[in-house]
Amino acid sequence: MSKRELMRSASFLVLAALLFQLLTVICIPKWYGTWQSTRIVDGFYELPDNSVDVVFLGSSQTIMGLSPMELYAQYGISAYAFGTEEQPLYATYYWLREILRTQKPMAAVLDINELLHENSEASYRKAFDYMHWSGVKWEAVKNHCEGDPTLSLLNYVLPLGNYHSRWEELESQDFTYLTRDKTDPCLGFVASSGTCEIPYEGTEPEPEMEPETPAPEAALYLEKIIRLCQDQGISLILVKTPRAGWNSGKHNLASQTAQDYHIPFLDFNDPKLLEEMDFSYANDARDASHLNIYGAEKLGAYLGRYLFTQYEIPDRRGDPLYAHLEQLLPVYERKAANAKLATCTEFTSWLELLPKNCVLVFATDSSVAFSRLPKPVQEQLGWLGLDLTICTAGIEYAAVLNPWAGASGSEGEGNSQILAWQAGIGITDLYGSLPDGSAYELSLSRPQSEEEPYAYSMKINHGEYAAAGAGIHLLVYDPAEKAVIDSICVDPGKPGLLVER
């Protein structure tokens, strides 16, 4: 073979390898849904070396319950919440080893929930697929596959074989992944919205109750995590975030484990701790297992104080080596504010929580008793840019508003800029582009009979976001997030001015 032919062959192999790698990156699922597993893993690799003093470990209850930026804002603690959906303690052990390749944490906080569970293969994939290749990942996936004859090590090494059938499921985020900014302003935390109606007031300790039995693999790797922390001089704290399914048997297992290894255990299901934090499950949790933004803030305030006083974790505020945290703080605060808005259930409070620089899409029908709104609420809607004369005229009315556009070029009351509006009988063709280029389309159709409701449609980039129900409809779009952060309906004729979604 001549030198030219050799070069051609080598070039072909390089191009084939690059194409194969590109196809692999495209086809691997991007877990940007509720639990944000991909974002959390990618965000970790964007951190400066030796910049994390505290690491939070665990599953979804960690990433929704423990907010590193909350600890930084209140105590200057530099932390990262490293959890993935249903993360097995097996994966937690190897991720702690991966973390130690670039970080030197003083303390680790581990939510103990997964000690009781045997996890699905999907939870291992979500933990390991985006881990960078090193001796740690090789050992992790090799040992995992050797322990289960139904698994293929080759599918971990060359994941395209596992995901090649996703072609029909691919979305834009699959193709833009390589160019995406992977910095995580929430440092692993997921700012969650919503409330639940579960009447949970904590679990009273019952020392005489038999401890539950841990899952065998989880128990083995919890011991490995404890030993690794001891070898590395890391202070390990076991915790359990508030969870409605928690009981005394689970508490006693975690408490006994902590005693056996002489490490602290903070059970935030203890009614005394819940009372100390002023924690209400109905207001501070999104479901039976996870906290909302309000619950995470309360837990963060308690845990931050505990870490700061018990372990003398340094305050990094003002330290130029941690300037990245100060830069991320406003972005985090905006995400937290958005989550609070989407949690609010009372219209007056909801209006007060509207984040600055959002865009509003508004619609109301002729049946809405707009005049029954309290005067301050009407005035607030007027400041946002709505024409109160039209609102009280008993006709359909829709508008797209940029309330914080500033006085320059404004067309409405206050500082609002009216991007588009329409009033009359039936609104079917109000469409255009928002300031960031996103497309909106708004329609409102009268019913065919008195028994039928009005038909509302509010679309952003062809996705339907209109809330169910009749009344005042408001959609909130955040240009910074390029996302709809809330869409509500309020009926002034109903008591309480409650928000429906």
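Fair warning: this is a prediction, and the values are worked out from it, not measured in the lab. (Residues numbered from 1 in each chain as written. Predicted model: local features only at pLDDT ≥ 70, side-chain atom pairs only at ≥ 80, totals over all residues. Heavy atoms only, no water.)

Draft legend 1. The arrangement of the nonpolar core in detail. Residues F56, F128 and L307 are the most contacted members of the largest nonpolar core, which totals 106 residues. With eight residues, the top contributor of residues to this core is helix 5 (residues 89-99). L307 has contacts with V54, F56, L71, I77, A107, V109, I237, E312 and I313, leaving out every residue within four places of it along the chain. Ranked by size, the runner-up nonpolar core spans 30 residues in total, among them L360, L381, I418 and V490. (Core = buried A, V, L, I, M, F, W, Y, C linked by side-chain atoms within 4.5 Å. Buried < 20%, exposed > 50% of the residue type's maximum accessible area, 1.4 Å probe, protein only. Helix = DSSP H or I, 4+ residues; strand = E, 2+ residues; numbered from the N terminus. Contact = heavy atoms within 4.5 Å.)

Draft legend 2. Spotlight on the packing of helix 5 against helix 11 (residues 216-232). Look at helix 5 against helix 11: their axes get within 8 Å of each other, and the N-to-C directions meet at 20°. In terms of axis orientation, helix 5 runs roughly parallel to helix 11. Crossing handedness for the pair helix 5 and helix 11: left-handed. Contacts between helix 5 and helix 11 involve L89, Y90, T92, Y93, Y94, L96 and R97 from the first element and E217, A218, Y221, L222, K224, I225, L228 and C229 from the second. Looking at side-chain class alone, the contact of helix 5 with helix 11 contains 11 nonpolar, one polar and three charged residues. (Axes fitted to C-alpha atoms, helices over the stretch in contact; angles between N-to-C directions. Parallel < 35°, antiparallel > 145°, perpendicular 65-115°, else oblique. Left-handed = near helix turned anticlockwise from the far one by under 90°. Nonpolar A, V, L, I, M, F, W, Y, C, P; charged D, E, K, R; others polar.)

Draft legend 3. Summary view of the pairing of strand 10 (residues 439-445). In this sheet, strand 10 lies alongside strand 9 (residues 427-433) in antiparallel orientation, the contact comprising five bridges. Pairing of L430 across the sheet is with L442, part of strand 10. Relative to strand 11 (residues 455-460), strand 10 is paired through six bridges, and the arrangement is antiparallel. Looking across to strand 11, one finds that S445 is bridged to A455. (Pairing = 2+ DSSP bridges.)

Draft legend 4. Quick look at the packing of aromatic side chains. The tally for this structure, following the rule as stated, stands at 25 aromatic pairs. Above the plane of the ring of Y93 lies K224, whose end atom (NZ or CZ) is 5.8 Å from the centre. (Phe/Tyr/Trp six-rings, centres within 6.5 Å; stacked < 30°, edge-to-face > 60°. Lys NZ or Arg CZ within 6 Å of the ring centre and 35° of its normal.)

Draft legend 5. Structural context of the side chain of T62. The topology assignment puts T62 in helix 3 (residues 60-65). Look at T62 and you get buried, because its relative accessible area is 0%.

Draft legend 6. Highlighting the environment of N113. Relative to the helices and strands, N113 is located in the loop between strand 3 (107-111) and helix 6 (121-128). Take N113: its relative accessible area is 3%, and that puts it in the buried class. For the pair N113 and V239, spaced 126 residues apart in the sequence, the C-alpha separation amounts to 8.7 Å. The residues touching N113, leaving out its near neighbours within four places in the chain, are S59, Q61, K240 and R243. A polar contact of 2.9 Å, which involves the side chain of N113, links it to the side chain of R243. (Polar contact = N/O pair within 3.5 Å; in protein donor to acceptor, adjacent residues only side chain to side chain.)

Draft legend 7. Geometry of the sheet that holds strand 8 (residues 417-424). One open sheet holds the five strands; their spatial order is 8-7-6-13-14, and the pairing between them is antiparallel. With one partner strand each, in any of the chains shown, strand 8 and strand 14 (483-490) form the two edges of the open sheet. Averaged over all adjacent pairs, the angle separating strand axes in this sheet is 10°, with direction ignored. Pairing geometry for strand 7 (residues 396-402) and strand 8, over seven bridges, is antiparallel.

Draft legend 8. Seen up close, the pattern of salt bridges. Summed over all chains, the structure comprises 21 salt bridges. In this structure, the salt-bridge partner of D478 is R334, at a minimum N-O distance of 2.6 Å. Linking D478 in strand 13 (residues 472-478) with R334 in helix 16 (residues 323-341), this pair joins segments that are 144 residues apart in sequence. Accessibility classification places D478 together with R334 in one group, the buried group. Its salt-bridge partner being K335, residue E481 comes within 2.7 Å of it at the nearest N-O pair. (Salt bridge = Lys/Arg side-chain N within 4 Å of Asp/Glu carboxyl O.)

Functional significance is not addressed by these values, which are geometric in nature.
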